[in-house]
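Listed here are the chains, written in short residue letters.
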Amino acid sequence: MKNKFTVKLTLYFLAVLVIFALVVGGVFRHLFQANAIEQKSSEMKQRAVKISKVITRDLPFLERRYGDDISRSRFINSLDNASPEIVWIVDSNRSLNMNMNLIKDLVASGKVKIADIPVNGHEAYTRLPDRIRDKVEAAFRGENFVLEDYNRYLGSTMITVGEPIYDAQNNVRAVVILHSPVEGLQDAVNQGIRTLVISLLVAFALVLALSTILSWSFTKPMNTLKNIVERLAAKDYKARTNIKQQDEIGELAKKLDLLAERLGLAEEESQKLEKLRREFIANISHELRTPVTVIKGSLEALRDGVITEPEDVAEFHKQMLQESEFLQRLINDLLELSRLQNTDFAIEMEKINVCDVVHDAVRSAKRLGADKGIEVTGEVDAETYALQGDYGRLRQMLMVFLHNSIKFSPENSSIEVCLKGNRLSVTDHGCGMKAEDVPHAFDRFYKAHNEQNKSGSGLGLAIAKQIAVRHNIDLEITSVLGEGTTITAVLPEPLQ
């Protein structure tokens, strides 16, 4: 299989099942064997009680015939054939009856040596293991017993059960002992283990199949995520996972889709910035080339003596001075815009009154508009509108708006500056703007192509925009071609 993750996951499933099988097998073997021994012991105790009652019933007859040596009775020996267990009887003379046919079979099978066979019942009892003899003696005192021990007469480990035999006077006259080999129980345990092993093998097969299916279903979305990551690395930001799952993988897929969307937006923004950069270079090259060309051409004409008339020479000098002033203004505007765009460039923020800024700017604008007969009026709806800001920069922003309004307004017109609530507006009644020019009004070097704007640098409104950004002011512009323009600054909430 090529999918290593699927292989690992399947192996983990199988490893867990193996560990589970070993633990369950060990616990099963222990509990099954303990339960089998306990059940067998219980059955043997019940049979021992029944045999004890039978012998108690026939005890007077047995004692009349055999005295205290009832273990020699044929009836006693016949009990061994009537029970699934090996039956021994120890009488009050401590004589133990033994089934000699069974002993011979054990000798023939090699489990018991001939030297271990006792000569008579007394010797057989004497040669019993101390643990069993102690239990038998306790049974003569009225105690029954169950134990598991190796019996050298029977050549294997046995479950041994003892039960006292009482006479009519409730005296213990003998003890019945039942033996059952543990080997027989072990066969049952082994059969149970075999059944468990077969069940586990079937479980292994099922787990292998199911784990493979589950692993595949789990790794399929993971492979999809991997492919999406590779496509994103190749700048294919339109790639989407299309995974709809209500789990951690589904959550990861959502995050990856969100990342792809944001990378796409970032790429678009990067392309826009690159376009603006190229346009900026082209615009500034154009703006610089024109005055430099004029100055260079004028100097060459003067140097080569092409222009000699004093009036013409003076006109050339005037033209070069104007172009030099334009270059100076353009460079200053560029430096100003660069400083404002730099977030590390600090502006002097303090508590100011915007109403004072409005009155100050209106006074200056009145002098600027006097040559064209333009009336500039100011109106505020409150005496105080406190903000945390830079007085000089806000005045500069407002003066940019007023300067543009004066430049584009006809003679003997009016300009209104109004502060109502948090909206500060400058309205003129000039030539207005085309609808397609309005969205680009605050772009660097963007200029309307008309007679009034041929001397502009295209940086004034861009500078005003940066001042507004540094003061958290939103700018809005509305304009109708041939009717006029309104620029509105939406101010932050005033300080209390």
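You'll find the structure just up there.
Residues numbered from 1 in each chain as written. Predicted model: local features only at pLDDT ≥ 70, side-chain atom pairs only at ≥ 80, totals over all residues. Heavy atoms only, no water.

(A) Molecular detail of the pattern of salt bridges. Counted by the stated rule, this structure contains 9 salt bridges. A salt bridge links Arg133 to Asp130, with the shortest nitrogen-to-oxygen separation between them at 2.4 Å. Of this pair, Arg133 and Asp130 are both found in helix α5 (residues 130–140), 3 residues apart, which corresponds to roughly one turn of the helix. Here Arg133 falls in the partly exposed class, since its relative accessible area comes to 24%. In this structure, Asp236 and Arg231 form a salt bridge, with 2.8 Å as the shortest nitrogen-oxygen distance. Here Asp236 falls in the partly exposed class, since its relative accessible area comes to 27%. The class for Arg231 is partly exposed, based on a relative accessible area of 38%. (Salt bridge = Lys/Arg side-chain N within 4 Å of Asp/Glu carboxyl O. Helix = DSSP H or I, 4+ residues; strand = E, 2+ residues; numbered from the N terminus. Buried < 20%, exposed > 50% of the residue type's maximum accessible area, 1.4 Å probe, protein only.)

(B) Fine view of the environment of Met44. Relative to the elements of secondary structure, Met44 occurs in helix α1 (residues 4–66). Taking the C-alpha atoms as reference, Met44 lies 9.6 Å from Ile177; in sequence the two are 133 residues apart. Discounting chain neighbours no more than four positions away, the residues touching Met44 are Glu85, Ile159, Val161, Leu178, His179 and Ser180. (Contact = heavy atoms within 4.5 Å.)

(C) Focus on the sheet that holds strand β9 (residues 423–428). Read from one edge of the open sheet, 5 strands run β6-β8-β9-β11-β10, paired in mixed fashion. Two strands bound the open sheet, and with one partner strand each, they are β6 (375–380) and β10 (474–480). Within the sheet, the average angular offset between the axes of one strand and its neighbour, ignoring direction, is 10 degrees. Here β6 runs beside strand β8 (residues 414–420); their pairing, made up of 6 bridges, is parallel. Along β8, the bridge assignment pairs Thr377 with Glu416. (Pairing = 2+ DSSP bridges. Axes fitted to C-alpha atoms, helices over the stretch in contact; angles between N-to-C directions.)

(D) Up close: the nonpolar core. By size, the foremost hydrophobic cluster in this structure holds 40 residues, and its most contacted members are Met397, Phe401, Leu402 and Leu491. At 8 residues, the largest contribution of residues to this core is made by helix α10 (residues 391–408). Among residues more than four places away in sequence, those in contact with Met397 are Ala464, Ile467, Ala468, Ile473, Leu475 and Ala489. Leu62, Ile70, Val161 and Val182 belong to the second largest nonpolar core, which has 18 residues in total. (Core = buried A, V, L, I, M, F, W, Y, C linked by side-chain atoms within 4.5 Å.)

(E) Quick look at unusual backbone geometry. The phi torsion at Arg94 lies on the positive side, around 60 degrees, for a residue other than glycine. Looking at where Arg94 falls in the secondary structure, it is placed in the loop between β1 (86–91) and α3 (100–109). We classify Arg94 as partly exposed; its relative accessible area is 26%. Of note, the phi angle at Asn412 is positive, near 60 degrees, even though the residue is not glycine. For Asn412, the position within the fold is in the loop between α10 and β8.

(F) Structural view of helix α11 (residues 460–470). Along α11, the positions that sit buried rather than exposed are Leu461, Ala462, Ile463, Ala464, Gln466, Ile467 and Ala468. Immediately beyond the C-terminal end of α11, within one or two residues, lies Asn472, with a positive phi of roughly 60 degrees.

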